[in-house]
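# Structural overview for review
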Amino acid sequence: MNTITKAQIKGLQLEPNKAIDMKEIFFHLLFLSSAMVGVLSVCTIGWFVFNEGLPAISEAGVVEFITGKEWLPPALYGILPMIVASIISTTGAVIIGVPIAILTAVFLAEIAPKWLADIVRPAVELLAGIPSVVYGFFGLVIIVPAIETLFNIPAGNTILAGIIVLAIMILPTVITISETSIRALPPIYKEGALALGASHIYSVCKVLIPAAKSGILTAVALGVARAIGETMAIIMVMGNAPAMPGSLLEPARTLTANIAMEMSYATGVHASALYATGIVLLAFIVLLNGSLLYLNRKRAY
Amino acid sequence: MKKVIGLLTAVGLLTAPLANAETVTVSGSTSVAHVMEVLAENYQNKAQKSVEVQSTGSSAGIRAAKEGTSMLGMSSRNIKDNELNSEIKEVVIARDGIAAAVNKANPVKDLTQQQISKIYRGEITNWSEVSGEARPIVVVTRENGSGTRGAFEEIMDLQRTVNGHKVTAITPTAQVGNGNGMIKTIVANNPYAIGYISLGSVDDSLQALSVNGVAASDENIAAGDYHIARPFILLVNNKPHPSAQSFVDFIMSNDGQSIIAEQGYIRVQ
């Protein structure tokens, strides 16, 4: 008798719960499936690139493919010059772009009067919205001739032109994220430094920037990813010669440019070699993100 | 869905043997095959007759036409006398011309075919060697696999053999631009550059060089005087199959020639 009543009461209590459960499950699944879109895309792209690229690597040999200096399809597939060009152009862009970007971020977050920050910040944000083909055209018409005159060389389509264009292109990414991470610091850091008698600039350099380190490193990593993945602007200003570059004032072809330029005509092993170039590029990005995770393993705050 | 596919397959199997007798078979040059496929598609839509295009290379195309394994042969090079016999005749359906172009400020207006070839091989590196200013030459080329680059390499003898593969002999330090437009922009902005583009895209922004003293023009190509050009030849049997003859008639008609011009080649009619 007792048990029946209990069950009846239980049943009465469970009824509304059941409806809520369905909703809960539905939203759980909705969130889960949204999260899976990104993961699935990465997996599909990875599978696709490896599937298409491996035949070329197995035909040319991993070592010959990565260390070969001559790109002569369909006979020789060596992408070392392109790996070198990608690394140099990205490193150069980081060396020029990152200091400028971090200083701008500090200026916007700490130093600039409000009216000036209101001019600089929209300008930087606008820079992020400019399509890369416009950057390329700007480089081709302004930077390339400037390099020709400045260094008195016959052609300004050089690695240097690529570095300058890339440095400008990574500015908005690095500035925006660095500024946000500096602003996100608790005011106590700055107040403490000032209370101890540190000057404003001293507290920015010795307290705020180190405290925002993880955010700034993330900004730099995203900037590097943007630089290494940039294609259109680079094709337009870097000359794309597949030879090993001897100096910054020589043309070179990056990994991305190699894929984009030849994909439309390539067939068979040649096409596969271009996908294999994509594998190398993917490996670079994985290395980059891996080292970021390593550097950020201890959060600054 | 499966039923529809099955039905289509059945219909296809039934009609295939009937259509076969009427199918025009064309084989040969890969360059001609590009434009031939477009022509074939238009002809199929218009005349409801099927055309089968195979790209096997010029030499194979000439042989196929001679032996009768395909109704029509395609060649993108001039045919040697010993390759012909009395049963087949040549029909030039289009011409493909390439202009070597320099900046308008460049005083050099005329080069020999050999000089251009040497510039692209990287053997001539300064304009002073070809009676220009004492400035280095900026060599600009198209990307690997482009039809224009293929034709240019073939005509200018810019090919070499590595590991049994035919590869480019163009210097690897040459700048590479993708597309005629890119080459035009580079050459138009650099007074020391030389590039090559298909003749149809030459405009006021740059100057097309005369080669061996002959200006790059449609007329000179048609007359056979300008050498960085090649004919697109169709090899037709003297007593052609009626369906093959009507396809050739379509190519030589105004419609067919317009398609050829749209694809960037020079019409012959």
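Conventions we followed
Residues numbered from 1 in each chain as written. Chains lettered and ligands numbered in written order. Predicted model: local features only at pLDDT ≥ 70, side-chain atom pairs only at ≥ 80, totals over all residues. Heavy atoms only, no water. Salt bridge = Lys/Arg side-chain N within 4 Å of Asp/Glu carboxyl O. Helix = DSSP H or I, 4+ residues; strand = E, 2+ residues; numbered from the N terminus. Buried < 20%, exposed > 50% of the residue type's maximum accessible area, 1.4 Å probe, protein only. UniProt positions renumbered as here; feature names shortened; annotations may be inferred. Axes fitted to C-alpha atoms, helices over the stretch in contact; angles between N-to-C directions. Left-handed = near helix turned anticlockwise from the far one by under 90°. Contact = heavy atoms within 4.5 Å. Nonpolar A, V, L, I, M, F, W, Y, C, P; charged D, E, K, R; others polar. 1 Å grid on protein atoms, 1.4 Å probe; cavity = no way out; pocket = protein on both sides within 12 Å on 5 of 7 lines; lining within 4 Å. Points joined across faces, edges and corners; volume = space filled by probe spheres on them. Domains from an automatic or database assignment. pLDDT = per-residue confidence, 0-100. Phe/Tyr/Trp six-rings, centres within 6.5 Å; stacked < 30°, edge-to-face > 60°. Lys NZ or Arg CZ within 6 Å of the ring centre and 35° of its normal. Arc of directions from axis to C-beta. Core = buried A, V, L, I, M, F, W, Y, C linked by side-chain atoms within 4.5 Å. Buried area = accessible area lost by both parts, 1.4 Å probe. Polar contact = N/O pair within 3.5 Å; in protein donor to acceptor, adjacent residues only side chain to side chain.

Let us now look at the pattern of salt bridges. Residue and element names in this part refer to chain B. Taken as a whole, this structure holds 11 salt bridges over all chains when the rule is applied. Close ionic contact of Asp 255 with Lys 46 constitutes a salt bridge, the shortest N to O distance being 4.0 Å. Taken together, the residues Asp 255 in helix α9 (residues 254-262) and Lys 46 in helix α2 (residues 30-47) connect sequence positions 209 residues apart. Classification of Asp 255 by relative accessible area gives partly exposed; the value is 42%. Here Glu 143 and Arg 142 are joined by a salt bridge, their closest N and O atoms 3.1 Å apart. For the pair shown, Glu 143 and Arg 142 are each scored as buried.

Here we come to the UniProt feature "transmembrane region" (unreviewed entry) in chain A. Residue and element names in this part refer to chain A. Taking the UniProt record as the reference, the feature "transmembrane region" (unreviewed entry) is found at residues 25-50, 79-112, 124-147, 159-177, 216-239 and 273-295. Between the C-alpha atoms that bound residues 159-177 there is a distance of 27 Å. The span itself is 100% helix and 0% strand. Taken end to end, residues 273-295 has its terminal C-alpha atoms 33 Å apart, with 100% of it in helix and 0% in strand.

Turning next to the packing of helix α3 (residues 80-111) of chain A against helix α8 (residues 200-211) of chain A. All names here are of chain A. Two numbers describe how α3 lies on α8: the axes approach to 12 Å, and their chain directions differ by 115°. Where α3 crosses over α8, the two elements pack in a sense that is right-handed. When α3 is examined against α8, the residues Ile 102, Val 106, Glu 110 and Ile 111 are found in contact with a partner set consisting of His 200, Ile 201, Val 204, Leu 208 and Ile 209. Taken together, the residues of the contact of α3 with α8 break down into seven nonpolar, one polar and one charged.

The next subject is the layout of surface pockets. Of the pockets and cavities examined, the largest pocket occupies roughly 1400 Å³. Elements supplying a minimum of two residues to the lining of the largest pocket: α2, α5 (147-155) and β8 (165-168) of chain B. The element best represented in the lining of the largest pocket is α5(B), accounting for seven residues. Classifying every residue of the lining of the largest pocket gives nine nonpolar, 23 polar and nine charged. Each of domain 1 (23-95 + 231-267) and domain 2 (97-222) of chain B accounts for three or more of the residues forming the lining of the largest pocket. Roughly 430 Å³ of volume is contained in the second largest pocket. Contributing to the lining of the second largest pocket are 23 residues, with Pro251(A), Ile137(B), Val138(B), Val139(B) and Thr173(B) lying nearest its centre. Classifying every residue of the lining of the second largest pocket gives 16 nonpolar, six polar and one charged.

All names here are of chain B. Residues at a pLDDT of 70 or more form 92% of chain B, whose mean pLDDT is 84. Per-element confidence in chain B is highest for helix α4 (residues 113-121), whose mean pLDDT is 94, and lowest for helix α1 (residues 2-22), whose mean pLDDT is 53. Counted against residues more than four places away or in other chains, residues 14-19, with its pLDDT under 50, gives zero contacts.

Applying the stated rule across the entire model yields 10 aromatic pairs over all chains. Ring centres 6.4 Å apart and planes at 40° place the aromatic pair Phe27(A) and Phe31(A) in the tilted group. Placement of both Phe27(A) and Phe31(A) in helix α1 (residues 2-60) is noted, with a separation of four residues, approximately one turn of the helix. Under the relative-accessibility criterion, Phe31(A) is labelled exposed at 60%. Ring centres of Tyr43(B) and Phe250(B) lie 5.4 Å apart, and the angle between their planes is 45°; on these two criteria the pair is classed as tilted. On the criterion of sequence distance, the pair formed by Tyr43(B) in helix α2 and Phe250(B) in helix α8 (residues 242-252) is long-range, its members being 207 residues apart. For Phe250(B), a relative accessible area of 6% puts it in the buried group. Ring pairs connect the aromatic residues Phe26(A), Phe27(A) and Phe31(A), which therefore count as one cluster. Sitting over the ring of Tyr294(A), Arg297(A) keeps its end group 4.2 Å from the ring centre.

So, about α4(B). An α-helix turns once every 3.6 residues. As a result, residues three or four positions apart point the same way. Residues and elements named next belong to chain B. Within α4, burial applies to Ile 116, Ser 117, Ile 119 and Tyr 120. Buried residues of α4 fall within an arc of 160° about the axis and therefore sit on the same side. In the core, the buried residues of α4 are packed alongside β4 (88-102), β5 (110-111), β6 (138-142), α5, β10 (193-198) and β12 (210-211). Downstream of α4 by a residue or two, Gly 122 has a phi angle that is positive, lying close to 85°.

So, about unusual backbone geometry. A cis amide bond links Pro73(A) with the next residue in sequence, Pro74(A), at an omega value of 5°. For Ser131(B), which is not glycine, the phi dihedral falls at a positive 55°. Residues other than glycine seldom take positive phi values, yet Asn212(B) does so here, at roughly 55°.

So, about the nonpolar core. Nonpolar side chains in soluble globular proteins generally cluster together in the buried interior. The biggest cluster of nonpolar side chains holds 95 residues, and the ones touching the most others in it are Ile116(B), Tyr120(B), Phe152(B), Ile194(B) and Ile228(B). If you tally residues by element for this core, the top one is helix α6 (residues 159-183) of chain A, at 13 residues. Ignoring anything within four residues of it in the chain, the contact list for Phe152(B) reads Ile98(B), Ile116(B), Tyr120(B), Leu158(B), Tyr196(B) and Ile228(B). The next biggest cluster of nonpolar side chains, apart from the first, holds 28 residues, and it includes Val32(B), Ala33(B), Ala94(B) and Val236(B).

What follows is about the domain arrangement of chain B. Split into domains, chain B comes out as domain 1 (23-95 + 231-267) and domain 2 (97-222). A straight line from the C-alpha centre of domain 1 of chain B to that of domain 2 of chain B covers 29 Å.

So, on to the interface of chain A and chain B. By a widespread convention, an interface's size corresponds to the accessible area lost as its parts come together. With 27 residues of chain A at the contact, the number on the chain B side is 28 residues. Around 2200 Å² of area is buried between chain A and chain B when both sides are counted, 60% of it from carbon and sulfur atoms. On the surface where chain A and chain B come into contact, there are zero salt bridges. At the boundary of chain A with chain B, the tally comes to six residue pairs in polar contact (both at pLDDT 80 or more). Those elements that provide at least two residues to the side of chain A that touches chain B are β1 (71-72), α5 (132-151), α10 (232-237) and α11 (255-262) of chain A. Across the side of chain A that touches chain B, the residue classes break down as 18 nonpolar, five polar and four charged.

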